[in-house]
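Chain residues, written in single-letter form:
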Amino acid sequence: SSMEGLRSSELNVMDKILLNEVNRLIVATSTSFSGMQIKEALKNGWHEMLIARNEYRAWCAASEIPLHKDVVKRWIESIVILICPVC
């Protein structure tokens, strides 16, 4: 499975930070799409989501802590839904 090697233990601080950032970007992207601000929606729903993921992944690698399975799943589901209006 592609989720092998991920942890499923209690959420740590960085897990919670990424989840919070995902939630913030969902709201920001929705607001932008509602206002027909497609460029801003793409910035939040794609570019900012990738930056958040990259920062989370880098922190986990530097700390030698595997990514959290539920956090990764939430991020993947969210980015797919966020970019659907333009795909």
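Notes on the structure in this doc start here. These numbers were taken from a predicted model, which means no experiment stands behind them.

### Observations concerning the packing of helix α1 (residues 13-34) against helix α3 (residues 69-83)
Each packed pair of helices is defined by two parameters, the angle between the axes and the distance between the axes.
So, point 1. Two numbers describe how α1 lies on α3: the axes approach to 10 Å, and their chain directions differ by 10°. Classified by the angle between their axes, α1 and α3 sit roughly parallel to one another. Facing Asp 15, Leu 18, Leu 19, Val 22, Asn 23, Ile 26, Thr 29 and Phe 33 of α1, the residues of α3 in contact are Val 71, Arg 74, Trp 75, Ser 78 and Leu 82.

### Quick look at the side chain of Arg 7
So, point 1. Relative to the assigned elements, Arg 7 resides in the segment before α1.
So, point 2. In terms of polar contacts, Arg 7 uses its side chain to reach the backbone carbonyl oxygen of Pro 66, at 2.7 Å.
So, point 3. Among all residues touching Arg 7, those that are not within four sequence positions of it are Asn 12, Asp 15, Tyr 56, Ile 65, Pro 66, Leu 67, His 68 and Lys 69.

### Here's the deal with the nonpolar core
So, point 1. Among the nonpolar cores identified, the biggest contains 14 residues, and Leu 18, Val 22, Met 49, Tyr 56, Trp 75 and Ile 79 are the most heavily contacted of them.
So, point 2. When contributions to this core are tallied by element, the ones reaching two or more residues are α1, α2 (38-63) and α3.
So, point 3. If sequence neighbours within four positions are ignored, Ile 79 has contacts with Gly 45, Trp 46, Met 49 and Leu 50.

### Topic: the environment of Glu 77
So, point 1. Relative to the elements of secondary structure, Glu 77 occurs in helix α3.
So, point 2. The spacing of Glu 77 and Gly 5 is 72 residues in sequence and 19 Å in space, taken between C-alpha atoms.

### What to know about the pattern of salt bridges
So, point 1. Inspection of the entire model under this criterion finds three salt bridges.
So, point 2. Here Asp 15 makes a salt bridge to Arg 7, at a shortest N to O gap of 2.8 Å.
So, point 3. Residues Glu 21 and Arg 24 are paired through a salt bridge, measuring 2.7 Å at the closest nitrogen-oxygen approach. Of this pair, Glu 21 and Arg 24 both sit in helix α1, three residues apart, which is roughly one turn of the helix.

### As for the environment of Glu 10
So, point 1. Inspection of the secondary structure assignment puts Glu 10 in the segment before α1.
So, point 2. Relative accessible area serves as the criterion here: at 71%, Glu 10 is assigned to the exposed category.
So, point 3. For the pair formed by Glu 10 and His 68, sequence separation is 58 residues and the distance between their alpha carbons is 8.8 Å.

About the criteria used
Residues numbered from 1 in each chain as written. Predicted model: local features only at pLDDT ≥ 70, side-chain atom pairs only at ≥ 80, totals over all residues. Heavy atoms only, no water. Axes fitted to C-alpha atoms, helices over the stretch in contact; angles between N-to-C directions. Helix = DSSP H or I, 4+ residues; strand = E, 2+ residues; numbered from the N terminus. Parallel < 35°, antiparallel > 145°, perpendicular 65-115°, else oblique. Contact = heavy atoms within 4.5 Å. Polar contact = N/O pair within 3.5 Å; in protein donor to acceptor, adjacent residues only side chain to side chain. Core = buried A, V, L, I, M, F, W, Y, C linked by side-chain atoms within 4.5 Å. Buried < 20%, exposed > 50% of the residue type's maximum accessible area, 1.4 Å probe, protein only. Salt bridge = Lys/Arg side-chain N within 4 Å of Asp/Glu carboxyl O.

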